Amino acid sequence: MNIAPNLNRDGSTIFALATGLSRAAIAIMRVSGPDSARLLTVLCGKLPAPRYASLRALRHDGEKLDDAVVLWLPGPRSYTGEDGFELHLHAGQAIIDGVAWALTALGARPAEPGEFTKRAVQAGRIDLLQAEAIADLVEAESAAQRRQALQQADGALSRLYEDWAERLRRTLAQQEALIDFPDETLPDAVEAGLLREIDSLASEMRAHLQNHRGELVRRGLTIVIAGAPNVGKSSLLNKLSGYDAAIVTHRAGTTRDAIAVDWVLDGIKLRLVDTAGLRETEDEIEAEGIRRAMFHVEQADIIIHLFVGETPDLLRDDALLVCNKADLASPPPDVLGISAATDEGFDALFAALRKRVARLTQGEAVPLTRARHRAGIEEASAHLRNALDGDWEELRGEELRLAMRALGRLTGQVDVESLLDVVFGQFCIGK
């Protein structure tokens, strides 16, 4: 990575609690920085063997703080690339506070959000894409989110973008040859091949941008249950979520606002949204609920259009049409029928939902996962289109350089300092 070797510009040694603040048996304090060896020596008498867990008594100013499991992690083979250590403490708040006070008294300072991972990026241990994946791992709530974050943390997305950057470098070299040696008789096939490669790269980037799978898995899909009043939307929400999240009555218009619950289906994080019944009304509060319901319908990834009786016009062309109260009357032909009262048809409903969720979230291609990635690829793709459309070889070369720069910003190979605060501001303190 094109990053200056001065990893820790203020020369500080930082510490943070890597585990949460909830009640637990063990708390892990992380420390990283050039003064780590001295701090650990003061606390436990001498340095343990590198990367071996050792039980040590921690002391400061003659007072015993705790009996802790200590890991000495000298750089550069550490997470941050610096010397560092971990203290596995008993999780009493007085112990945590005492160790933190001792570290501060010895010259360390509390870490800022994401500062450990920020230092890992500055040291070239990981790139920005992998750093973002680590944040996603910490936040993962479903198996699909975990798998996707691990894939990106292992460098799958980085390798794709770096492959594009390498191909761009070769293409730019050919373009520079055409510019620098205009009097040489270079085969026409050189320029033709150059243009084919630019077009191929632009096509691959367009296909990459059309794949929204990674963003959907990362944030979770939204399934909206919509339809007329009293068709069983709230009952269906309760059945799918497994608890009574919404009030169910025979009175029309009970649901005035959207009710959302989190749900996991086949390892995919979902959000189920129950909405106000759609009908003409003069009630000001109900009308606002209906307006909000239509907003959710427009934004939904999947819509369950629930009805009873005659088949209604679809709220959206891709809506899943479901007829409720199939125990009382047969559903229309070719329409999925269920009964929220008897559970009839729910196996078929789950199968239909699984199919739609899989279609939106499964695929072989490595997906982008964040708006920052999308913006970078859109910028690179735009420069490639400009390169194809340009008549002057010098302008084509400049567009190729700008495309490479856009890709470099994604991994942190260029302009990394302007991105660090934005990327790592979302991290927890101990990461």
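Since the structure is predicted, the reported quantities are computational estimates derived from the model, not experimental observations. (Residues numbered from 1 in each chain as written. Predicted model: local features only at pLDDT ≥ 70, side-chain atom pairs only at ≥ 80, totals over all residues. Heavy atoms only, no water.)

### Topic: the overall build of the protein
1) Next: The helix and strand tally for the protein stands at 14 helices and twelve strands.
2) Next: Looking at the protein as a whole, 47% of its 431 residues qualify as buried.
3) Next: Partitioning the contacts of the protein with sequence separation of at least 6, the portion at a separation of at least 24 is 62%. (Helix = DSSP H or I, 4+ residues; strand = E, 2+ residues; numbered from the N terminus. Buried < 20%, exposed > 50% of the residue type's maximum accessible area, 1.4 Å probe, protein only. Contact = heavy atoms within 4.5 Å.)

### Some points on the sheet that holds strand 11 (residues 320-323)
1) Next: Across the sheet, which stays open at both edges, the six strands sit in the order 8-9-7-10-11-12 with mixed pairing between neighbours. One side of each edge strand has no neighbouring strand; the edge strands of this open sheet are strand 8 (259-265) and strand 12 (336-337).
2) Next: As judged from the five bridges shared by strand 7 (residues 221-227) and strand 9 (residues 268-274), these two strands associate in the parallel manner. Looking at the pairing, L221 lines up with L270 of strand 9. (Pairing = 2+ DSSP bridges.)

### Structural notes on the nonpolar core
1) Next: The biggest cluster of nonpolar side chains holds 28 residues, and the ones touching the most others in it are L236, L240, L349 and L353.
2) Next: At the level of elements, helix 8 (213-219), strand 7, helix 9 (233-241), strand 8, strand 9, strand 10 (302-307), strand 11 and helix 11 (346-361) are the ones that each hand at least two residues to this core.
3) Next: Top contributing element to this core by residue count: helix 11, with five residues.
4) Next: Discounting chain neighbours no more than four positions away, the residues touching L349 are L236, L240, L320, V322, L336 and I338. (Core = buried A, V, L, I, M, F, W, Y, C linked by side-chain atoms within 4.5 Å.)

### Some words on the pattern of salt bridges
1) Next: Counted under the stated rule, the structure contains 25 salt bridges.
2) Next: Across the pair R292 and E288 runs a salt bridge, and its minimum N-O distance is 3.0 Å. Taken together, the residues R292 and E288, both in helix 10 (residues 284-299) and four residues apart, mark about one turn of the helix.
3) Next: Looking at R292, the relative accessible area reads 35%, which means it is partly exposed.
4) Next: The class for E288 is partly exposed, based on a relative accessible area of 29%.
5) Next: Through salt bridges with shared partners, a single network forms among E82, R109, E115 and R119. (Salt bridge = Lys/Arg side-chain N within 4 Å of Asp/Glu carboxyl O.)

### Remarks on the packing of aromatic side chains
1) Next: This structure, assessed with the given rule, holds two aromatic pairs.
2) Next: Stacked on the ring of F116, the Lys or Arg R30 has its end atom at 4.7 Å from the ring centre. (Phe/Tyr/Trp six-rings, centres within 6.5 Å; stacked < 30°, edge-to-face > 60°. Lys NZ or Arg CZ within 6 Å of the ring centre and 35° of its normal.)

### Describing the sheet that holds strand 2 (residues 26-32)
1) Next: Taken together, the six strands give an open sheet; going across it, the order is 3-4-5-2-1-6, and neighbouring strands pair in mixed fashion. Each having just a single partner strand, strand 3 (54-60) and strand 6 (109-110) make up the two edges of the open sheet.
2) Next: As paired strands, strand 1 (residues 14-17) and strand 2 are joined by four bridges and run antiparallel to one another. From the neighbouring strand, F15 faces strand 2, where its bridge partner is V31.
3) Next: Docked against the sheet, helix 3 (residues 115-122) engages strand 1, strand 2 and strand 6, running at close to 135° with respect to strand 1. (Axes fitted to C-alpha atoms, helices over the stretch in contact; angles between N-to-C directions.)

### Focus on the confidence of the model for the protein
1) Next: For the protein, the average pLDDT comes to 88, and 89% of its residues sit at 70 or higher.
2) Next: Confidence over residues 1-6 falls short of pLDDT 50; this stretch has 13 contacts with residues more than four positions distant or in other chains. (pLDDT = per-residue confidence, 0-100.)

### Looking at the environment of A202
1) Next: Examined against the element boundaries, A202 turns out to sit in helix 7 (residues 188-210).
2) Next: Along the chain, A202 and I377 lie 175 residues apart, while their C-alpha atoms are 9.7 Å from each other.
3) Next: Leaving out residues up to four positions away in the same chain, A202 has contacts with S381 and L384.

### A look at unusual backbone geometry
1) Next: Cis geometry is found at the peptide bond from G75 to P76, where omega equals 5°.
2) Next: Within the element layout of this structure, P76 appears in the loop between strand 4 (63-73) and strand 5 (84-90).
3) Next: Here D334, not a glycine, exhibits a phi torsion of approximately 65°, which is positive.
4) Next: Here D334 is to be found in the loop between strand 11 and strand 12.
5) Next: Overall, the relative accessible area of 83% leaves D334 in the exposed class.
6) Next: Here the phi dihedral of D343 falls at roughly 70°; this positive angle occurs in a residue that is not glycine.
7) Next: The residue D343 is located in the loop between strand 12 and helix 11 in this model.

### What about the packing of helix 9 against helix 11?
1) Next: Between helix 9 and helix 11, the shortest axis-to-axis distance is 13 Å and the interhelical angle comes to 75°. If you check the angle between helix 9 and helix 11, you find them roughly perpendicular. In this structure, helix 9 uses L236, K239 and L240 to contact helix 11, whose residues at the interface are F346, L349 and F350.
2) Next: Across the contact of helix 9 with helix 11, the residue classes break down as five nonpolar, no polar and one charged. (Parallel < 35°, antiparallel > 145°, perpendicular 65-115°, else oblique. Nonpolar A, V, L, I, M, F, W, Y, C, P; charged D, E, K, R; others polar.)

### Brief notes about the side chain of R396
1) Next: Along the chain, R396 turns up in helix 13 (residues 393-411).
2) Next: For R396, the side chain forms a polar contact with the side chain of Q175, separated by 3.0 Å.
3) Next: With residues up to four places along the chain from it excluded, the contact list for R396 reads Q175, E191, L194, L195, I198, A387 and G390. (Polar contact = N/O pair within 3.5 Å; in protein donor to acceptor, adjacent residues only side chain to side chain.)

### Structural notes on helix 3
1) Next: The buried fraction of helix 3 amounts to eight of the eight residues, a majority that puts the element mostly inside the structure.
2) Next: Buried within helix 3 we find E115, F116, T117, K118, R119, A120, V121 and Q122.

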